[in-house]
Amino acid sequence: MKEIFNLLYNYSFKFYRANFLKIVIAIFSMAIGLAVFLSIKISNDVAVRGFESSFENFIKERTLRVGSNVTHDLFLKLKQSKYFKLVNPRYEKDVFAIKTNGDKKLFRLYAYDLLSEKVNSVSHKDKKKQNALLQPGTCLISSTFDLDFTDSISLIINSKIRKLKISNKIESENSFIILDIANYQELFEEFNQIDYIDIEIKKNINLNFAKKEIEKIVGKAYVVNDKYELVKHKLQLTKSFRLNLQFLSTISLFIAILLLYNLSTYLIVSRRKDIGTLIALGLSKKKIAILVLIENIVLGLISAILALPIGFLLSSFSIRFVNTTINSLYTYTLPTSGSLGYENLLIVFLLSILVSLLGSLESIFYSFKVEPYENIRFFTYNLKYKKKISIFFYIGVFLTLFSLSFMQVKYLNNNIWMFLMLFILILGILFICPSVLLLISHLCKKFFSKIFSYHTLLADAEIKINIFRSSIVVMGVVLSLGMFFGLSVMITSFRTTVVTWLNKVTPADLYISAPSTRENKNDSYISIQIFNFLENNKKVKAVYPIYESKVKFKDNFVNLQGFSFSQSSINFLNYSNSNGAFISEPFSNKHNVKIGDVLTFYYQSKKYEEKVGAIFQDYSSEEGSIAIDLKKYEQIFLKDKPRGLAVYLKDKSNTNVLSQILKSEYSTYNFKIKNNKELRNGALKVFDETFKITYAMQIISIFLSLAVVLNYFLIMYIEKRRQLAILKAIGCDFRSSLVSTLFECFTLSITSILMSFLLGFLLSYVLVFHVNKIFFGWSIEYNFPFKLWLYTAFLFIIFSSITSLLPVLKNRNKNITRYLRNV
Amino acid sequence: MLSLKKISKEFVKSKTLLDELNLELSLGKSYALVGSSGSGKSTLLNIISGLERADKGEVIFDGQDISNFSDSAMSNFRLLNIGIVFQFFNFLPSLTLLENISLPAQIALNKNSKTKALNLAKKLKIKNVVNKYPFQVSGGELQRAAIARALINDPKLLLADEPTGNLDRSSSEQVMSLLNSITKEIELTTFIVSHDIELAKDCDFVLELFDGKVKRN
């Protein structure tokens, strides 16, 4: 080992010092890959923290939740059971708080029996504070509450403004208000119904047995869930979200490996004579391999140090996108900042070593192979390689076809399999790249040889002799640009579908809806007084209530809507008859329900059965919903509690006037009002925010593809010196050298673009028709952003062309004669 | 045909490599330039070929001062008038020998570049290896291919920088014999830089570079 360390100091260090530029490129290339990985990892951590903080924090292990709207009688019966340790009532509501400037802000309000139970962070060691919470008209707010409250808070409850005294604040990343149950019942005048009940099961009782006992008491109309069933949906979303991010971070790491591999092989090739000399001097091949390995690991560690600040800086941007996406798509979380943390530091350093190892494998292998007298160029294209490239091609075609076929197998369609198949698909396309590059290079030479005789010859020869390194550049670009193209199709298809759908389903002039946070969508209603006011208003042509209730279906709560099909515009995907229930497409996919099937659902102890008459398009939620006609709905549910109102005006110009009248007349009522345009724009805004993480992924993809091209041509700057010197010596002028290099770049760019198009097309197909169905359960129209693809391809070719000219331009005024003396 | 007038070149500041050097080369004659290592032989050859610029002085080629040519004009002039043979061959490793030999003719837009390259390869006895890559052939074959490349555009002047410096004695003799016979056959002016006095003796004139000036022996 001492010998190796001596060599490291006396040879490697001096070699690297003399080749400082190469080393800077090597370190930066790897640092970029690691930094992208780190930024995604930090964003991922933030996302998971956001999800976890939004989960049911207050529900304990061995606790079952019964809901919803449980009667007081059932609550008392549950209390009497000998199997349960604690039976705790719970209330949850969405309420408006009024800011000091008069604006309203919607928040979640929770109520617990603070007298009898200790609820984690709510309970206080300080008895005075605990007792203060039990006083009438007091509440507790989370420390992140962004309103300017100190002593009291004004809430709109049952069309009245109620002022509550703030007894204390508690630490939490979410914004909420907590009340004692007695305070709640008095404020909301709800005494006979409890939103849900948390039942803590005795230690010696089996949870499944307890669940059956509860069902015996409450009947089939209620849903009984344990902690994990409650967060099941969110856990699935978290998993999917993490998979998305991990997919991208793995790709960025893959690109980092490609970049380092490119450089590592170049460095080893450029030192082939040194290695030969060292072996001739008596150094064993094993020691040479160890030397190469240590050199690469040192490079990796330096890159890791550099990657930390870059990655952290990048993460500050990506976290914003992640937060926006989570808040729009999944659940409310407060923006949190990312931190490096010991775990991330360790991961980055370990990965840097792994990337170094993978990137230097071929070089180490080469160190073993090299002979002292050897003076050949590494990766030289010859017939032997042509055969190897053919094998790559066949493997690539097989992998591509295999992954595409596998995706068609429905029962294997889950997230993990889908991502695995995506990886195989990408790998397949990448394996095809070298053959396509050779083909395009050959075709360019053939078609352009009459006009650009030797330029095409030189370009073709350079690509062939560097086929593996040229292919790596193409692969890096294809990987990142392919991702960009694939995602662009998905976003465009999604957006176009949503716009078309919105145009169809929002025909009314004004929409009035009950306020709701994402956690609960249907526990507040529009006052019947507003409905009556609108019905009697002369400006109004018609007003239709929109109803929504939670019903139990297959041990889950699902939304059941009631609206007038004769008046509303609904876009049916499949239609059989207008009788029975209509189900949304995500509902049909998630629960595997088809037209003609009989739906059995429960509402307040009663069982209802409806035959499915049609499947309709719905992009408002990925959970899916059932819809029945208004008249039927009114037979089952309470008529006076609409969730929303669709208002048609006689004269559309009165929209704003009526809106203002409603806002001033019913200022203390809980409702949101939007005109048609605002509703559509609002929906599209949510859509755009939902896709912010995808936009971030696209930016990263472009960033990576440019890094790959820059890396390749920067190395070319060093490597091209001798070639340019020879060309100059035999009478080739500067412009001819430029044209040859441009041809080489053109061939690489065209191959990269064509293969990126192919990968983008296949990815888009998988994203639109498979991944999208698994994640959301809805079908979208395939829409192709031709212009975006063409502009991106054009800009990429311009960028790579400019970058490719750097080696020639940089070497233009150099004294080249010394390069003619180097072997 | 070629005259160098008062050519000066400093190696580094204060160290003069070529000092107001004067030289005349006649058409169809062969010249060998000898001198100790670091005396400036290769620099002089580079100045003649236009790969390097002299600090002072003129390079007159067929009555034309080429020392002030632009980079592009010099490349074009070199392409059509000067052939160079290097000690380290300087082939493009990505091209076969045939492609390397024919490349200057292709740059000069000669439509018969391939036929011409093959004829030269036959003359220089390397026809059987022309489709190989530079790393697949011997040093002697490489240097013969380098001569073929230098001759492909029918230059008026052939410059050779230590053409046998990288070869064994037998290969050196073969290469020099071929070089001499071909240059005499086509009446080419040759200017060979060599430290091997034995090889230099085959040339019409032997010149020595000493103290920045050329002396005829």
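Residues numbered from 1 in each chain as written. Chains lettered and ligands numbered in written order. Predicted model: local features only at pLDDT ≥ 70, side-chain atom pairs only at ≥ 80, totals over all residues. Heavy atoms only, no water.

Visitor: Any chance you could explain the overall build of chain A here in plain terms?
Guide: What chain A contains, in helices and strands, is 24 helices and 19 strands. With 823 residues in all, chain A has 57% of them scored as buried. If you take every contact in chain A between residues at least 6 apart in sequence, the share linking residues at least 24 apart comes to 84%. Here chain A displays about 36,500 Å² of accessible surface, and carbon together with sulfur accounts for 59% of that area. (Helix = DSSP H or I, 4+ residues; strand = E, 2+ residues; numbered from the N terminus. Buried < 20%, exposed > 50% of the residue type's maximum accessible area, 1.4 Å probe, protein only. Contact = heavy atoms within 4.5 Å. Areas by Shrake-Rupley, 256 points an atom, 1.4 Å probe, with all protein chains shown as cover.)

Visitor: What should I look at first to understand the overall build of chain B in this one?
Guide: In terms of helices and strands, chain B carries seven helices and ten strands. A globule of 217 residues ought to have a C-alpha radius of gyration of about 17 Å, and chain B, at 17 Å, matches this closely. Out of the 217 residues in chain B, the part that is buried amounts to 58%. Across chain B, contacts joining residues at least 24 apart in sequence account for 70% of those joining residues at least 6 apart. Of the roughly 9,400 Å² of accessible surface on chain B, 47% is carried by carbon and sulfur atoms. Each charge class in chain B was averaged separately, 27 positive and 25 negative side chains, and the resulting centres sit 5 Å apart. (Rg over C-alpha atoms; globule rule 2.2 N^0.38 Å. Lys, Arg positive; Asp, Glu negative; His and termini not counted. Charge placed at Lys NZ, Arg CZ, Asp CG, Glu CD.)

Visitor: Just checking my understanding: could you explain the nonpolar core for this structure?
Guide: Grouped burial of nonpolar side chains is what soluble globular proteins tend to show. In terms of nonpolar packing, the biggest core is built from 81 residues, with Leu422, Ile426, Val478, Phe494 and Val766 of chain A touching the most fellow members. Among the elements that make up this core, the one with the highest residue count is helix 15 (residues 467-505) of chain A (21 residues). Beyond its immediate sequence surroundings of up to four residues, Leu422 of chain A is in contact with Phe247, Met407, Leu763, Val766 and Val771 of chain A. Formed by 47 residues, the second largest nonpolar core is a distinct cluster that contains Ala725 of chain A together with Leu44, Ile48 and Phe77 of chain B. (Core = buried A, V, L, I, M, F, W, Y, C linked by side-chain atoms within 4.5 Å.)

Visitor: How should I be thinking about the packing of helix 15 of chain A against helix 23 (residues 786-812) of chain A in this particular structure?
Guide: Pairs of packed helices are described in terms of their axes, by the angle between the two and the distance that separates them. Residue and element names in this part refer to chain A. Between helix 15 and helix 23, the least distance of the axes is 10 Å, while the angle of their chain directions is 155°. Regarding the angle of helix 15 to helix 23, the classification is roughly antiparallel. The two elements helix 15 and helix 23 cross, and the hand of that crossing is right-handed. Across the interface between the two elements, Val477, Leu481, Phe484, Phe485, Ser488 and Val489 of helix 15 pack against Leu788, Trp789, Thr792 and Phe796 of helix 23. (Axes fitted to C-alpha atoms, helices over the stretch in contact; angles between N-to-C directions. Parallel < 35°, antiparallel > 145°, perpendicular 65-115°, else oblique. Left-handed = near helix turned anticlockwise from the far one by under 90°.)

Visitor: What should I look at first to understand helix 5 (residues 181-188) of chain A in this one?
Guide: Turn by turn, an α-helix covers 3.6 residues, leaving residues three or four places apart pointing in a common direction. Of all eight residues making up helix 5 of chain A, six are buried, and the element is well covered by its neighbours. For helix 5 of chain A, the full list of buried residues reads Ile181, Asn183, Tyr184, Gln185, Leu187 and Phe188 of chain A.

Visitor: What should I look at first to understand unusual backbone geometry in this one?
Guide: Peptide bonds are mostly trans, and most non-glycine residues show a negative phi. All names here are of chain B. The residue Leu109 is not glycine, and still its phi comes out positive at about 60°. Classification of Leu109 as exposed rests on a relative accessible area of 67%. In this structure, Glu162 takes a positive phi of about 45° despite not being glycine. Relative to the helices and strands, Glu162 resides in the loop between strand 7 (157-161) and helix 6 (169-185). The class for Glu162 is buried, based on a relative accessible area of 9%.

Visitor: Just checking my understanding: could you explain the sheet that holds strand 8 (residues 189-193) of chain B for this structure?
Guide: The pairing of strands in a sheet comes from backbone hydrogen bonds and takes either a parallel or an antiparallel form. All names here are of chain B. Overall, mixed pairing links the six strands, which are arranged 6-7-8-3-9-10 in an open sheet. If you trace the sheet from one side to the other, it starts and ends with strand 6 (82-85) and strand 10 (213-216), each paired once. Strand-to-strand, the axes of this sheet are offset by a mean angle of 20°, without reference to chain direction. Sheet topology note: the strand 6/strand 7 ladder contains four bridges and is parallel. Looking at the pairing, Gly83 lines up with Leu158 of strand 7. The sheet contacts of helix 2 (residues 71-81) involve strand 6 and strand 7, and relative to strand 6 the element is tilted by about 80°. (Pairing = 2+ DSSP bridges.)

Visitor: How should the environment of Val85 of chain B be read in this particular structure?
Guide: Residue and element names in this part refer to chain B. Tracing the backbone shows Val85 in strand 6. Val85 gets classed as buried once you look at its relative accessible area, which sits at 1%. Between the alpha carbons of Val85 and Ala150 there is a distance of 6.3 Å; along the sequence they are 65 residues apart. Apart from residues no more than four positions distant in its own chain, Val85 is found in contact with Gln143, Ala146, Ile147, Ala150, Leu158, Leu159, Ala160, Asp161 and Pro163.

Visitor: Just checking my understanding: could you explain the interface of chain B and chain A for this structure?
Guide: It is common to give the size of an interface as the accessible area lost on bringing the parts into contact. With 29 residues of chain B in contact, the opposing surface of chain A contributes 29 residues. At the boundary of chain B with chain A, total buried surface from both sides reaches about 2,700 Å², with 63% on carbon and sulfur atoms. Across the chain B-chain A interface, the total number found is one salt bridge. Across the salt bridge formed by Asp71 of chain B and Lys728 of chain A, the nearest N and O atoms sit 3.4 Å from each other. If you look at where chain B meets chain A, you find four residue pairs in polar contact (both at pLDDT 80 or more). Residue assignment for the side of chain B that touches chain A shows that the elements contributing at least two residues are helix 1 (41-49), helix 2 and helix 3 (97-107) of chain B. Considering each element in turn, the side of chain B that touches chain A owes the most residues, six residues, to helix 2 of chain B. Counted by class, the side of chain B that touches chain A contains 14 nonpolar, nine polar and six charged residues. (Buried area = accessible area lost by both parts, 1.4 Å probe. Salt bridge = Lys/Arg side-chain N within 4 Å of Asp/Glu carboxyl O. Polar contact = N/O pair within 3.5 Å; in protein donor to acceptor, adjacent residues only side chain to side chain. Nonpolar A, V, L, I, M, F, W, Y, C, P; charged D, E, K, R; others polar.)

Visitor: Just checking my understanding: could you explain the pattern of salt bridges for this structure?
Guide: Two side chains bearing opposite charge may form a pair once their charged atoms approach each other closely. All names here are of chain A. Tallying each qualifying case throughout the model produces 18 salt bridges over all chains. With its nearest N and O atoms 3.2 Å apart, the salt bridge here joins Lys216 to Glu213. Residue Lys216 and its partner Glu213 are both found in helix 6 (residues 207-218); the two are separated by three residues, about one turn of the helix. Accessibility expressed as a relative area gives 65% for Lys216, which makes it exposed.

Visitor: Looking at this model, I keep getting lost on the packing of helix 15 of chain A against helix 22 (residues 734-775) of chain A. Mind explaining?
Guide: Residue and element names in this part refer to chain A. Relative orientation of the contacting elements helix 15 and helix 22 amounts to 40°, with a least axis distance of 6 Å. The orientation of helix 15 with respect to helix 22, classified from their angle, is oblique. In this structure, helix 15 meets helix 22 at a crossing whose hand is right-handed. When the residues that make up the contact of helix 15 with helix 22 are grouped by side-chain class, the tally is 19 nonpolar, ten polar and no charged.

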